[in-house]
Amino acid sequence: MIVLEQINLSFETVEEELVICRDLINQLKNELEDLEDNTKQLTKRLEVLYVV
């Protein structure tokens, strides 16, 4: 029975770590989207500067 409890605890730990990983991936995704938006804005500004 003790072995089963240890296995169960291990699965719970892995599940918690997966949740943390999922949250970090979502945060990274959001930051990449922000970076993409900022890059587009910067590109538009540079195009305006080149025109002038």
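Chemist: Mind showing me how you'd approach a nonpolar patch on the surface here?
Modeler: Residues Met1, Val3, Leu4, Ile7 and Phe11 make up a contiguous nonpolar surface patch of roughly 590 Å² in combined accessible area. Examined against the element boundaries, Phe11 turns out to sit in helix 1 (residues 2-51).

Chemist: Please clarify how the pattern of salt bridges should be interpreted in this entry.
Modeler: Overall, the coordinates contain three salt bridges when judged by the stated rule. A salt bridge links Asp23 to Arg22; its shortest N-O distance comes to 3.1 Å. Overall, Asp23 belongs to the partly exposed group, its relative accessible area being 39%. The class for Arg22 is partly exposed, based on a relative accessible area of 47%. A salt bridge links Glu36 to Lys40, with the shortest nitrogen-to-oxygen separation between them at 3.9 Å. Of this pair, Glu36 and Lys40 both sit in helix 1, four residues apart, which is roughly one turn of that helix. A relative accessible area of 43% places Glu36 in the partly exposed class.

Chemist: Can you help me understand a negative patch on the surface in this one?
Modeler: Together, Glu12, Glu15, Glu16 and Glu17 give the surface a local cluster of negative charge. Relative to the helices and strands, Glu17 resides in helix 1. Glu17 sits in the partly exposed class, given a relative accessible area of 46%.

Quick notes on the rules
- Residues numbered from 1 in each chain as written.
- Predicted model: local features only at pLDDT ≥ 70, side-chain atom pairs only at ≥ 80, totals over all residues.
- Heavy atoms only, no water.
- Patch = residues over 30% accessible without salt bridge, like charges linked within 9 Å, V, L, I, M, F, W, Y side chains within 5 Å.
- Areas by Shrake-Rupley, 256 points an atom, 1.4 Å probe, with all protein chains shown as cover.
- Salt bridge = Lys/Arg side-chain N within 4 Å of Asp/Glu carboxyl O.
- Helix = DSSP H or I, 4+ residues; strand = E, 2+ residues; numbered from the N terminus.
- Buried < 20%, exposed > 50% of the residue type's maximum accessible area, 1.4 Å probe, protein only.
- Lys, Arg positive; Asp, Glu negative; His and termini not counted.
- Charge placed at Lys NZ, Arg CZ, Asp CG, Glu CD.

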